[in-house]
There are 2 protein chains.
Amino acid sequence: MAAAAPPPPPSAAPEPSMAPPETTPIGHPVFTRIRLATPSDVPFIHKLIHQMAVFERLTHLFSATESSLSSNLFLSPPFHSFTIFLLELSSSPIPPLLSPSPSFTPIEKTFNFDIPLNDPESDAFSIYYGNQQVIIGGFVLFFPNYSTFLGKPGFYVEDLFVRECYRRKGFGKMLLSAVAKQAVKMGYGRVEWVVLDWNVNAITFYEQMGATVLPEWRICRLTGDALQAYQNANV
Amino acid sequence: MAAAAPPPPPSAAPEPSMAPPETTPIGHPVFTRIRLATPSDVPFIHKLIHQMAVFERLTHLFSATESSLSSNLFLSPPFHSFTIFLLELSSSPIPPLLSPSPSFTPIEKTFNFDIPLNDPESDAFSIYYGNQQVIIGGFVLFFPNYSTFLGKPGFYVEDLFVRECYRRKGFGKMLLSAVAKQAVKMGYGRVEWVVLDWNVNAITFYEQMGATVLPEWRICRLTGDALQAYQNANV
């Protein structure tokens with residue numbers, strides 16, 4: 001799971017005490033929306049996952065293709081299995097979705113930055129709603145898990161990723177919060193994910209969001225040839 | 001996740017060199033079957049989970065009820081969401097299921113032990129198929145997870161539990177192997193679970209089964225009031 005660094009406080013500029021109320025945003029507004037991904041987003045998702053593998057220096061483990069993603073994702077209704085939220089950004093208000101999902105109302109938030117966000121890869125991550133360009137800035141992939149002790153489901157966040165030029169702005173927090181909010185809405189008991197023990201910035205960020213890091217548990221993984229060996233196992 | 005200790009080698013007694021071939025099992029045969037759990041098994045599942053909480057000294061975290069389990073399990077076809085295999089044991093061959101699932105052919109295996117297995121709680125864990133008593137000895141609960149790097153699903157094993165009187169016999173290995181075999185059958189890429197870092201016996205057992213322990217990852221958990229705080233979050 002890629003780390004989203006702690007966000008700075010919102011950069012709302014103080015109003016001069018005698019000035020009239022501001023009626024238009026000052027600085028550089030960025031309109032954002034979190035929405036459910038759809039099958040047509042797979043090319044973006046594939047590129048985002050690859051960037052995450054590069055960021056984590058794990059490209060040797062990267063074997064996903066657009067085809068493998070298409071065949072394994074979007075097979076169940078949202079939230080019942082693997083689910084992806086995408087973060088969209090635009091310098092103008094984002095048009096409403098033409099075919100909104102009945103399962104999830106997109107979350108919108110307007111940020112205001114002192115300096116413009118410079119995206120060197122905007123072309124590769126652009127969607128056009130009519131004439132309006134919207135940029136895909138990141139994603140979160142999650143799915144239900146289950147706590148037998150609680151006797152109820154939760155969500156496990158497999159990946160949280162914000163593209164480099166959009167980090168440290170609060171977007172990672174926005175994506176993870178959206179998952180937590182959805183968990184509460186569904187009456188789920190937990191949201192869980194994993195973090196590398198040396199990634200102090202990420203751990204601090206997650207703790208600020210209310211998470212606890214469990215120190216004693218270790219992940220066991222059976223994969224590759226060791227897993228294939230069970231194909232004909234007389235268990 | 002409860003530890004199932006490493007199994008001893010099968011206790012097949014050597015034949016006397018000039019004796020005729022054995023035609024009946026010697027010692028104490030135990031007939032076992034792994035099958036999918038069904039809603040009518042919830043009372044057993046609840047008792048097994050409670051025993052697991054006692055074993056792990058985590059009863060303060062235990063809040064599952066038969067009602068909560070019933071309302072959250074068995075909502076999807078097997079393997080698509082939360083799935084439970086049960087281990088059945090009997091001193092006689094176990095009758096075939098009257099309503100076998102098309103998704104899974106039960107796995108049967110006969111063990112032969114030098115001494116009989118003494119189950120002080122057999123009454124509380126008995127199922128009768130006609131006149132034949134069969135004992136529930138343990139369970140494994142698992143569900144799909146997803147690796148974006150592989151671009152394919154896997155299974156996450158939330159719980160593996162064998163009742164105390166049946167431990168160190170190979171039944172834990174049998175349950176976990178059944179999950180691994182099912183993962184291979186479905187073309188999945190991984191089977192994962194967690195273990196406590198001080199549980200050396202469990203770690204050794206899992207490594208003997210082909211698993212790798214990932215040393216650097218830590219679990220983050222957002223739960224309780226910290227999770228509820230996101231109910232009205234302006235993310």
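Residues numbered from 1 in each chain as written. Chains lettered and ligands numbered in written order. Predicted model: local features only at pLDDT ≥ 70, side-chain atom pairs only at ≥ 80, totals over all residues. Heavy atoms only, no water.

### Remarks on the interface of chain B and chain A
Point 1. Across the contact, 75 residues belong to chain B and 75 residues belong to chain A.
Point 2. Summed over both sides, the interface of chain B with chain A buries roughly 7,200 Å², with 61% coming from carbon and sulfur.
Point 3. In terms of surface lost to chain A, no three residues of chain B exceed Phe149, Trp217 and Val235 of chain B, which account for 13% of the buried area on that side.
Point 4. The interface formed by chain B and chain A contains 4 salt bridges.
Point 5. One salt bridge in this structure joins Glu192 of chain A and Arg221 of chain B, with 2.5 Å as the shortest N-O distance. (Contact = heavy atoms within 4.5 Å. Buried area = accessible area lost by both parts, 1.4 Å probe. Salt bridge = Lys/Arg side-chain N within 4 Å of Asp/Glu carboxyl O.)

### Describing the relation of the copies chain B and chain A
Point 1. Of the transformation superimposing chain B on chain A, the axial component is 0.0 Å and the angular component is 180°, with the fit at an RMSD of 0.0 Å. Such a turn and shift between the copies fits a two-fold axis.
Point 2. By residue overlap, the copies meet face to face through one surface: 100% of the interface positions of chain B are interface positions in chain A. (Least-squares fit on C-alpha atoms with pLDDT ≥ 70 in both.)

### What to know about the UniProt feature "domain: N-acetyltransferase" (unreviewed entry) in chain A
Point 1. Mapped onto this numbering, the UniProt entry gives "domain: N-acetyltransferase" (unreviewed entry) at residues 84-234 of chain A.
Point 2. For residues 84-234 of chain A, the end-to-end C-alpha separation is 38 Å, with 19% helix and 41% strand making up the annotated structure. (UniProt positions renumbered as here; feature names shortened; annotations may be inferred. Helix = DSSP H or I, 4+ residues; strand = E, 2+ residues; numbered from the N terminus.)

### So, the pairing of strand β2 (residues 83-90) of chain B
Residues and elements named next belong to chain B.
Point 1. With 8 of 8 residues buried, β2 is to be regarded as a mostly interior element.
Point 2. Here β2 shows two buried faces, one formed by Thr83, Phe85, Leu87 and Leu89 and the other by Ile84, Leu86, Glu88 and Ser90.
Point 3. As defined by bridge partners, strand β1 (residues 28-36) adjoins β2 across 6 bridges and the pair is classed as antiparallel. In the strand pairing of β2, Thr32 is matched with Leu89.
Point 4. Bridge count between β2 and strand β5 (residues 132-147): 7 bridges; the pairing is antiparallel. (Buried < 20%, exposed > 50% of the residue type's maximum accessible area, 1.4 Å probe, protein only. Pairing = 2+ DSSP bridges.)

### Some words on unusual backbone geometry
Outside of glycine, negative phi angles account for most residues, and trans bonds account for most peptide bonds.
Residue and element names in this part refer to chain A.
Point 1. For Phe79, which is not a glycine, the phi torsion comes out positive at approximately 80°.
Point 2. Within the element layout of this structure, Phe79 appears in the loop between α2 (66-72) and β2 (83-90).
Point 3. We classify Phe79 as buried; its relative accessible area is 3%.
Point 4. Here the phi dihedral of Arg168 falls at roughly 60°; this positive angle occurs in a residue that is not glycine.
Point 5. Relative to the assigned elements, Arg168 resides in the loop between β6 (152-162) and α3 (171-185).

### Considerations on the packing of aromatic side chains
Point 1. As enumerated under the stated definition, the model contains 36 aromatic pairs over all chains in all.
Point 2. Considering the side-chain rings of Phe82 of chain A and Tyr146 of chain B, the 4.7 Å spacing of their centres and the 45° angle between planes classify their relative orientation as tilted. With one member in each of two chains, Phe82 of chain A in the loop between α2 and β2 and Tyr146 of chain B in strand β5 form a pair that bridges those chains. This pair shows no difference in class: Phe82 of chain A is buried, exactly as Tyr146 of chain B is. (Phe/Tyr/Trp six-rings, centres within 6.5 Å; stacked < 30°, edge-to-face > 60°.)

### A few points about helix α3 (residues 171-185) of chain B
Residues and elements named next belong to chain B.
Point 1. Here α3 contains 15 residues, and its C-alpha end-to-end distance of 21 Å stays within 8% of the 21 Å for a straight helix at 1.5 Å per residue.
Point 2. Taken across its 15 residues, α3 has 12 buried, putting it largely inside the fold.
Point 3. Downstream of α3 by a residue or two, Gly187 has a phi angle that is positive, lying close to 75°. (Expected span 1.5 Å × (residues − 1).)

### So, the pattern of salt bridges
Point 1. For the structure on display, the rule yields 14 salt bridges over all chains.
Point 2. As a salt-bridge pair, Arg218 of chain A and Asp197 of chain B come within 3.4 Å of each other at their nearest N and O atoms. Of this pair, Arg218 of chain A sits in strand β9 (residues 217-223) while Asp197 of chain B sits in the loop between β7 (190-196) and α4 (200-208), placing the two residues on different chains.
Point 3. Taking the shortest distance from any N to any O, the salt bridge between Arg35 of chain B and Glu88 of chain B comes out at 2.6 Å. Residue Arg35 of chain B is located in strand β1, and its partner Glu88 of chain B is located in strand β2; the two are separated by 53 residues in the primary sequence.
Point 4. A network of salt bridges, in which partner residues are shared, links Arg33, Arg35, Asp41 and Glu88 of chain A.

### Points about the state of the cysteines
Point 1. A complete count under the given rule lists 0 disulfides over all chains for this structure.
Point 2. Looking at the unpaired Cys220 of chain A, the closest cysteine sulfur is the one in Cys220 of chain B, lying at 18 Å.
Point 3. A residue is classified by how much of its surface remains accessible, and Cys220 of chain A, at 0% relative accessible area, is buried. (Disulfide = S-S within 2.5 Å.)

### Some details on the environment of Ser177 of chain A
Residues and elements named next belong to chain A.
Point 1. Among the secondary structure elements, Ser177 is positioned in helix α3.
Point 2. Judged by its relative accessible area of 3%, Ser177 is buried.
Point 3. The sequence separation of Ser177 and Ser67 amounts to 110 residues, and the corresponding C-alpha distance is 30 Å.
Point 4. From its side chain, Ser177 meets the backbone oxygen of Lys173 in a polar contact 2.6 Å long. (Polar contact = N/O pair within 3.5 Å; in protein donor to acceptor, adjacent residues only side chain to side chain.)

### Comments concerning the pairing of strand β9 (residues 217-223) of chain B
Point 1. A large share of β9 of chain B lies buried, amounting to 6 of its 7 residues.
Point 2. Bridge count between strand β7 (residues 190-196) of chain A and β9 of chain B: 7 bridges; the pairing is antiparallel. Each bridged residue has a counterpart across the sheet, and for Arg190 of chain A the counterpart in β9 of chain B is Thr223 of chain B.
Point 3. Note: strand β8 (residues 212-214) of chain A against β9 of chain B, 3 bridges, orientation antiparallel. Within β9 of chain B, the residue paired with Leu214 of chain A across the bridge is Ile219 of chain B.

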